[in-house]
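The residues making up each chain are set out below.
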Amino acid sequence: MASKIWKITSNLITGILFLLFIFMIFVVVSSKASGGEPNFLGYQLKTVLSGSMEPTFKTGSIIAVKPVENATNLKKGDIITFKESEGMLITHRIVDVIKKENQVMYVTKGDNNEDKDANAVVSQNVVAKYTGFTIPYAGYLIDFAKSKNGTALLLILPGLLLLAYSGITIFRALKELDKGKDVEKPA
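What comes next concerns the included structure. Every residue gets a number counted from 1 within its own chain, in the order that chain's sequence is written. Restriction of local features to residues with pLDDT of at least 70 applies here, the model being predicted, together with a cutoff of 80 or more for giving and counting side-chain atom pairs; totals for whole chains, interfaces and linings are based on all residues. Heavy atoms from the whole structure form the basis of all side-chain values; hydrogens and water molecules are not counted.

To continue, consider the side chain of Lys109. If you trace the backbone, Lys109 turns up in strand S6 (residues 103-109). Only protein chains enter the area calculation, which uses a 1.4 Å probe; residues under 20% of their type maximum are buried, those over 50% are exposed, and those in between are partly exposed. Under this rule, positive means Lys or Arg and negative means Asp or Glu; His and the chain ends count for nothing. Criterion for a salt bridge: a side-chain nitrogen of Lys or Arg within 4 Å of a carboxyl oxygen of Asp or Glu. As a buried residue without a salt bridge, Lys109 has its nearest oppositely charged side chain in Asp111, at a separation of 5.9 Å. Any two residues whose heavy atoms approach within 4.5 Å at even a single point are treated as in contact. Once you skip the residues sitting within four places of it in the chain, Lys109 turns out to touch Met53, His92, Arg93, Val95, Glu114, Asp115, Lys116 and Asp117. Here a strand is any run of E in DSSP of at least two residues, a helix any run of H or I of at least four, and the numbering for each starts at the N terminus.

If you want it as structure tokens, here you go:
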């Protein structure tokens, strides 16, 4: 019974370590290839850098945003990612929609901010819309993966963990074989 539990636990740990290894490879390669946040199945993964949208999402979280094809049909309450004047990306909630002639602009505000943003966002500056998917605090991992040391560590560490765990499993198997030999020997 104990060996069966050990085998199930062993397989579970091996599977988790393997999935972690694959995820780390994806994070590192995707962030390096895109020159920023990784993309996955048409979604962009963005790191939250400030607390302006708390409690909707926490600083250091990863959020999934979907690039918008037509930025003129967004509505009040949508959370959008847009380019600020310096080219910096901001993710805030639309609190008002202004339609003037051929132009659509959005008044935005961070959920945690008391005041609306100073400038309305022109629809051409809207990059993406928030999908509702958040992984709290995982953005710190993405930022670390972008660093030179982080890339090496995140690619090597899961592999080393898999190797170490394989060594432990082999050692336990050899120990079990030795026990079996001791039982079979006549006295």
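Considering the arrangement of structural elements, one finds Asp78 in the loop between strand S3 (62-67) and strand S4 (79-83). A relative accessible area of 9% places Asp78 in the buried class. Setting aside residues no more than four positions away along its own chain, Asp78 makes contact with His92, Arg93, Ile94 and Lys129.

Another aspect to go through is the packing of aromatic side chains. Only the six-membered ring of Trp is used, alongside the rings of Phe and Tyr, when aromatic pairs are assigned; centres must lie within 6.5 Å, and planes under 30 degrees apart are stacked while those over 60 apart are edge-to-face, with the rest tilted. According to the stated counting rule, one finds 1 aromatic pair in the structure shown. When the NZ atom of lysine or the CZ atom of arginine is within 6 Å of a ring's centre and also within 35 degrees of its normal, the charge is said to sit over that ring. Its end group placed over the ring of Tyr43, Lys66 keeps NZ or CZ at 4.5 Å from the ring centre.

Don't take any of this as a statement about function, it's just geometry.
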